[in-house]
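So you can see what is in the structure, the chains are spelled out below.
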Amino acid sequence: FISLKLLQKQISVSTILFEILQDFNFSAAQIIESEKLLQSNSGKYIENEKFRVIKDRDFLIITEVFAEKSTAILINENDINIKGIDFDLKINPIEKPSEMDCSNSIAVLDFEKIEFPLLLRPVKVGDYFYPLGMTKKKKISRFFIDNKISKIDKEKAWVLESNKKIIWVVNYRIDNRFKTTSVTIKCLKIKCNNK
């Protein structure tokens with residue numbers, strides 16, 4: 001993460017960018033292009049075969065280029081441990097807990113509202129859900145913008161589906177339609193462990 005405020009206070013921005021980016025195999029022409037990112041909108045980037053420089057609000061972020069990894073993982077009712085690319089899931093049917101865990105890395109859902117098999121997959125353009133506490137649907141892209149999620153984290157985001165309905169944006173928010181209520185007896189608890 002390179003602070004834009006600090007960078008713009010420097011006398012020779014191009015020299016500083018050259019010193020930083022040459023270690024990531026950016027060409028001289030790309031380093032000149034990177035200076036233009038300072039005046040561009042969030043989300044603009046340059047990249048080579050292995051690395052990307054992204055303008056994200058107040059920072060230039062250098063990150064690896066993420067290859068298309070996995071398309072989807074099918075989860076059956078008896079599955080307990082799911083190995084993902086960037087995280088693992090631990091799944092347990094439980095009785096309704098007296099206190100709910102408020103962590104974004106844990107989803108506690110009404111078991112009776114869920115249909116197996118579940119589908120774990122990367123976020124796609126046009127995906128929407130009903131964020132916990134809301135009765136109207138919201139596009140996940142808008143949810144990410146409203147919550148100031150970085151472009152890098154957006155690219156790595158996954159969702160969990162039940163019968164073509166998103167029940168959890170993994171590590172962010174469950175869907176309101178699948179929350180536990182006063183009549184819930186059995187829950188499905190899913191814990192995400194980031195690698």
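Residues numbered from 1 in each chain as written. Predicted model: local features only at pLDDT ≥ 70, side-chain atom pairs only at ≥ 80, totals over all residues. Heavy atoms only, no water.

1. Focus on the packing of aromatic side chains
Both the distance between ring centres and the angle between the ring planes are used here to describe each pair of aromatic rings. Definition in use: Only centres within 6.5 Å qualify two rings of Phe, Tyr or Trp (six-membered ring in Trp) as a pair; their planes then separate them into stacked at under 30 degrees, edge-to-face at over 60, and tilted for everything else. Strands are runs of DSSP state E lasting at least 2 residues, helices are runs of H or I lasting at least 4, and numbering of each runs from the N terminus. Per-residue accessibility, obtained with a 1.4 Å probe over protein chains only, is compared with the maximum for each type, and a residue is labelled buried under 20%, exposed over 50%, and partly exposed between these values.
Evaluated as defined, the whole model comprises 7 aromatic pairs. Aromatic pair Phe 1 and Phe 59: ring centres 5.6 Å apart, planes at 85°, arrangement edge-to-face. Pair noted here: Phe 1 is in the segment before β1 (2-3) and Phe 59 is in strand β4 (residues 59-64), with a separation of 58 residues, a long-range link. Taking relative accessible area as the criterion, Phe 1 reaches 72% and is therefore assigned exposed. Seen from their ring centres, Phe 111 and Phe 116 are 6.0 Å apart, and the 45° between their planes marks the pair as tilted.

2. Details of the sheet that holds strand β9 (residues 118-122)
Condition: DSSP calls a pair of strands paired once it identifies at least 2 bridges connecting them.
The antiparallel open sheet is built from 5 strands, whose spatial order is β5-β9-β12-β13-β14. With partners counted over all chains shown, the strands left at the sheet margins are β5 (73-75) and β14 (173-174), one partner each. Of the strand pairs in this sheet, strand β13 (residues 165-169) and β14 are connected by 2 bridges, and their pairing is antiparallel. The residue of β14 that forms the bridge with Trp 168 is Ile 174.

3. Notes on unusual backbone geometry
Cis rather than trans, the peptide bond between Phe 116 and Pro 117 has omega equal to 0°. Topologically, Pro 117 is positioned in the loop between β8 (106-110) and β9.

4. Section: the environment of Phe 144
Rules: In what follows, a contact means two residues having at least one pair of non-hydrogen atoms within 4.5 Å.
Residue placement: Phe 144 occurs in helix α4 (residues 140-146). For Phe 144, a relative accessible area of 2% puts it in the buried group. Between the C-alpha atoms of Phe 144 and Ser 27, which are 117 residues apart in sequence, the distance is 32 Å. Every residue in contact with Phe 144, bar those within four places of it in the chain, is listed here: Ile 149, Lys 154, Ala 157, Val 169 and Tyr 172.

5. Considering the confidence of the model for the protein
The condition is simple: pLDDT: the predictor's confidence for each residue, scored from 0 to 100.
Averaged over every residue, the pLDDT of the protein is 89; residues scoring 70 or more account for 96%. When pLDDT is averaged over each helix and strand of the protein, the minimum, 86, is found for β4 and the maximum, 98, for strand β10 (residues 128-129).

6. Some details on the sheet that holds strand β6 (residues 81-83)
The cut-off we apply is this: Axis angles are defined between N-to-C directions and span 0 to 180 degrees, where every axis is a line fitted to C-alpha atoms and, for a helix, only to the segment in contact.
Taken in spatial order, the 4 strands line up as β6-β7-β15-β8 in an open sheet, and their pairing is antiparallel. At either end of the open sheet lies a strand with only one pairing partner, and these are β6 and β8. For this sheet, the mean angle separating the axes of adjacent strands, direction not counted, is 20°.

7. Re the pattern of salt bridges
Operational definition: A carboxyl oxygen of Asp or Glu within 4 Å of a side-chain nitrogen of Lys or Arg is what we treat as a salt bridge.
Within this structure, the stated rule accounts for 10 salt bridges. In this structure, Asp 56 engages Arg 57 in a salt bridge whose closest nitrogen and oxygen atoms are separated by 3.5 Å. When salt bridges that share partners are traced, they join Glu 47, Arg 52 and Glu 155 into one network.

8. Some points on the pairing of strand β3 (residues 51-56)
On a regular strand, each side chain points to the face opposite its neighbour's, so the side chains alternate between the two faces of the sheet. Burial of β3 is extensive: 6 of the 6 residues sit out of reach of the surface. Both strand β2 (residues 45-47) and β3 contribute to a ladder of 3 bridges, which runs antiparallel. Each residue of the ladder has a partner; that of Ile 46, found in β3, is Val 53. Counting the residues between successive antiparallel strands, the hairpin from β2 to β3 contains 3 residues. Where β3 meets β4, 6 bridges bridge the pair, whose relative direction is antiparallel. Paired with Phe 51 across the two strands is Glu 64, which belongs to β4.

9. Considering the pairing of strand β15 (residues 186-194)
The pairing of strand β7 (residues 87-95) with β15 spans 9 bridges and is classified as antiparallel. Bridging from a neighbouring strand, Ile 94 pairs with Cys 187 of β15.

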